[in-house]
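This is what each chain is made of:
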Amino acid sequence: MNRDAMLDRLRDASQQWDVLIIGGGATGVGVAVDAASRGYKTALVEQSDFGKGTSSRSTKLIHGGVRYLEQGNISLVREALHERTLLRQNAPHVVTPLPLVLPTYRWGQRTFYGTGLKVYDWLAGEMKMQRSRWLSKSATVDALPTINQDGLRGGVRYYDGQFDDARLLINLVQTAAEQDAAIANYVRVQRLLKNGDKVTGAVAHDLEGGTEFEIRARVVVNATGAFVDDVRKMDRPGATPIIAPSQGIHVVLDRSFLPGDTALLVPKTRDGRVLFAIPWHGAILAGTTDTPIHDVDLEPRPMEHEIDFVLQTLGDYLTRTPTRDDIRSTFAGIRPLVKHGDAKKTSKLSRDHTIEISDHGLLTITGGKWTTYRHMAEDCVDQAAALAGLERKPSVTKELRVHGFCEDIGALGERWYYGSDAQQVKELAADASLSQKLHEDLPYQMADVAWAARHEMARTVDDILARRTRSLLLNAQAAIDCANAVAATMARVLDRDETWQREQTDAFRSLAANYLP
């Protein structure tokens with residue numbers, strides 16, 4: 001993917017797009033894949049980097065949602081399990097099975113939770129990854145060697161999907177581009193264009209080049225996640241907000257806190273949520289919290305009480321209580337929850353997606369979750385096509401393979417998450433200047449940096465260390481330490497000067513400090 005070429009297409013004043021999408025997270029990029037693969041002329045702009053917000057800050061699970069089952073939201077669970085299967089089929093290099101164990105400490109818990117997970121199996125039907133099983137105390141300890149055994153009665157094991165959210169997102173961007181969509185990051189929508197009362201496009205600002213241009217389209221889709229109300233107010237300044245944002249955080253710890261390949265599920269925390277501790281890229285990722293917030297930011301910061309909550313909850317279930325000194329990184333994400341009735345807690349708000357069409361024809365899609373992005377996109381494009389009077393064409397994404405598709409990831413080695421691109425990245429590493437590791441505590445080389453800058457539209461050190469690789473999330477201090485070397489490699493690839501390199505290094509180090517406890 002070449003950003004300059006994409007911008008040339010977007011700036012073409014003679015072009016009228018069928019669909020213009022604002023927002024480059026999972027929802028927006030999913031809509032771009034669906035629309036472009038149907039043959040609609042599709043454009044997408046993102047104000048920052050792809051997945052800069054919520055879509056790179058998830059719990060890394062592709063799942064039906066056992067908590068939604070307890071809430072009685074059977075339709076959402078069934079839909080998510082179906083979408084889990086499609087993602088596993090179409091992106092097996094990114095979505096892999098993960099065993100999870102729910103330990104039980106009180107009489108009757110094993111039967112209660114085990115029965116619930118049997119219902120989970122039943123809802124999945126032939127789509128289930130493996131059958132859930134009741135575990136004895138010894139089998140639970142075998143699966144979770146560091147579990148607190150005081151009062152432990154046994155557990156239940158079940159399976160869900162695990163993924164790397166930012167890697168899947170960039171693969172979806174590549175898939176949309178292969179379907180002839182024009183997509184660019186660091187392009188901010190300044191205002192909406194209207195012909196009379198009808199929304200007909202947007203005025204966009206290229207944040208790199210400093211130029212402003214118009215993008216005209218038959219329908220405009222607002223898929224900006226937690227920022228959808230900002231775009232809605234561009235259409236109607238007095239629009240009533242529809243989002244009740246909620247913040248969730250994760251902490252990343254050394255693998256020694258939970259060795260092995262099995263995740264821990266805490267079924268009910270003090271705030272009524274579930275909490276996961278998941279093996280991920282050689283570390284343990286634990287979360288999440290649910291804190292209502294008022295202000296939405298591209299770089300939300302974990303609150304002190306949220307960090308304490310995760311550490312204390314883990315301490316109740318592990319033989320060793322993690323402390324702040326054990327944290328490698330901590331990060332926050334914002335859920336764009338849709339306001340619903342008289343619900344007082346964000347944990348009670350809808351996780352289903354919502355589509356709103358304004359009187360001026362702006363289509364807003366929000367809510368939902370990563371697992372159901374494809375179905376959300378299909379629903380959105382169906383409605384967008386009808387709104388714009390486009391030729392009706394069915395969605396093809398149920399069978400559309402995601403860029404990087406590879407069934408035998410075991411043959412790809414340590415870069416398995418690149419899928420079919422892994423060999424090309426490996427060949428880049430044959431260059432001595434690109435063979436060195438970013439840091440002794442990170443699993444990446446300079447070849448990953450060069451690849452992302454050349455082929456994945458990475459424009460900043462943050463793009464590389466937070467999303468193209470997951471360095472910032474895995475070890476914030478290590479990411480800070482290697483920032484200047486990464487900036488130097490990017491400068492060579494992107495033809496930037498020393499001033500750019502210094503500014504990028506300083507900006508990243510300032511940002512990354514917020515990931516340290």
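In case you missed it, the structure is sitting above this.
Just so it is clear, the model here is predicted, and its values are computed rather than measured.

(A) How the structure looks around the pattern of salt bridges. Evaluated as defined, the whole model comprises 36 salt bridges. A salt bridge links Arg467 to Asp49; its shortest N-O distance comes to 2.7 Å. Linking Arg467 in helix H13 (residues 461-468) with Asp49 in the loop between strand S2 (42-45) and strand S3 (61-62), this pair joins segments that are 418 residues apart in sequence. For Asp49, a relative accessible area of 0% gives the class buried. With a closest N to O distance of 2.7 Å, Asp49 and Arg468 form a salt bridge. Of this pair, Asp49 sits in the loop between S2 and S3 while Arg468 sits in helix H13; the two residues are 419 residues apart in sequence, bridging distant segments of the chain. It is possible to trace a salt-bridge network through shared partners that takes in Asp49, Lys52, Arg57, Glu299, Asp462, Asp463, Arg467 and Arg468.

(B) Looking closely at the nonpolar core. In this structure, Leu10, Leu168 and Val221 are the most contacted members of the largest nonpolar core, which totals 65 residues. Core analysis: the next-biggest nonpolar cluster, separate from the first, contains 46 residues, Tyr444, Ala452, Leu494 and Phe508 among them.

(C) Seen up close, helix H5 (residues 109-124). With 16 residues, H5 should cover 22 Å at 1.5 Å per step; its first-to-last C-alpha distance of 22 Å lies within 8% of that length. Along H5, the residues that are buried comprise Gln109, Tyr113, Gly114, Leu117, Tyr120, Asp121, Leu123 and Ala124. The elements touched by buried residues of H5 are helix H3 (66-70), helix H4 (74-90), strand S4 (96-104), strand S5 (133-135) and strand S6 (154-162). In the segment just after H5, Gly125 is the residue with positive phi, at about 60°.

(D) How the structure looks around the packing of aromatic side chains. The final tally for this structure, using the stated rule, is seven aromatic pairs. Between the aromatic rings of Phe163 and Trp370, the centroid separation amounts to 5.3 Å while the plane-to-plane angle is 75°, which identifies the pairing as edge-to-face. Residue Phe163 is located in the loop between S6 and helix H7 (165-178), and its partner Trp370 is located in the loop between strand S18 (363-367) and helix H10 (373-388); the two are separated by 207 residues in the primary sequence. The exposure class assigned to Trp370 is buried, which follows from its relative accessible area of 9%. Here the aromatic rings of Trp370 and Tyr373 are separated by 5.7 Å at their centres, their planes lie at 75°, and the arrangement is edge-to-face.

(E) Representation of the pairing of S2 in the model. Taking every second residue as pointing to the same face, both faces of S2 are buried, with Thr42 and Leu44 on one and Ala43 and Val45 on the other. Alignment of strand S1 (residues 16-22) against S2, held across four bridges, turns out to be parallel. By the bridge assignment for S2, Val19 is matched with Thr42. Handedness of the crossover is the feature at issue here: the chain leaves S1, passes through helix H2 (residues 26-37), returns alongside S2, and the resulting connection is right-handed.

(F) Here's a closer look at H7. Taking 1.5 Å per residue, 14 residues should reach 20 Å; H7 reaches 20 Å between its end C-alpha atoms and fits that length. Of all the 14 residues making up H7, twelve are buried; the element is thus mostly covered by neighbouring parts of the structure. Within H7, burial applies to Asp165, Ala166, Arg167, Leu168, Leu169, Ile170, Asn171, Leu172, Val173, Gln174, Thr175 and Ala176. Looking at the buried residues of H7, the elements they touch are H2, H4, strand S7 (182-184), H10, helix H12 (446-455) and H13. Looking at the residues trailing H7, positive phi occurs at Asp180, about 80°.

(G) Highlighting the packing of H4 against H5. Two elements in contact, H4 and H5, have axes whose closest approach is 9 Å; the angle formed by their N-to-C orientations is 60°. One way to sum up the angle between H4 and H5 is to call them oblique. The two elements H4 and H5 cross, and the hand of that crossing is right-handed. Judged by residue contacts, Ile74, Val77, Arg78, Leu81 and Arg84 of H4 engage Tyr120, Trp122, Leu123 and Ala124 from H5.

(H) Summary view of the side chain of Asp34. Mapped onto the elements, Asp34 comes out in helix H2. Residues contacting Asp34, with those up to four places away along its chain left out, are Ala377, Glu378, Val381, Ser395 and Thr397.

What counts, and at which threshold
Residues numbered from 1 in each chain as written. Predicted model: local features only at pLDDT ≥ 70, side-chain atom pairs only at ≥ 80, totals over all residues. Heavy atoms only, no water. Salt bridge = Lys/Arg side-chain N within 4 Å of Asp/Glu carboxyl O. Helix = DSSP H or I, 4+ residues; strand = E, 2+ residues; numbered from the N terminus. Buried < 20%, exposed > 50% of the residue type's maximum accessible area, 1.4 Å probe, protein only. Core = buried A, V, L, I, M, F, W, Y, C linked by side-chain atoms within 4.5 Å. Expected span 1.5 Å × (residues − 1). Contact = heavy atoms within 4.5 Å. Phe/Tyr/Trp six-rings, centres within 6.5 Å; stacked < 30°, edge-to-face > 60°. Pairing = 2+ DSSP bridges. Right-handed = clockwise from strand over helix to strand, strands pointing away. Axes fitted to C-alpha atoms, helices over the stretch in contact; angles between N-to-C directions. Parallel < 35°, antiparallel > 145°, perpendicular 65-115°, else oblique. Left-handed = near helix turned anticlockwise from the far one by under 90°.

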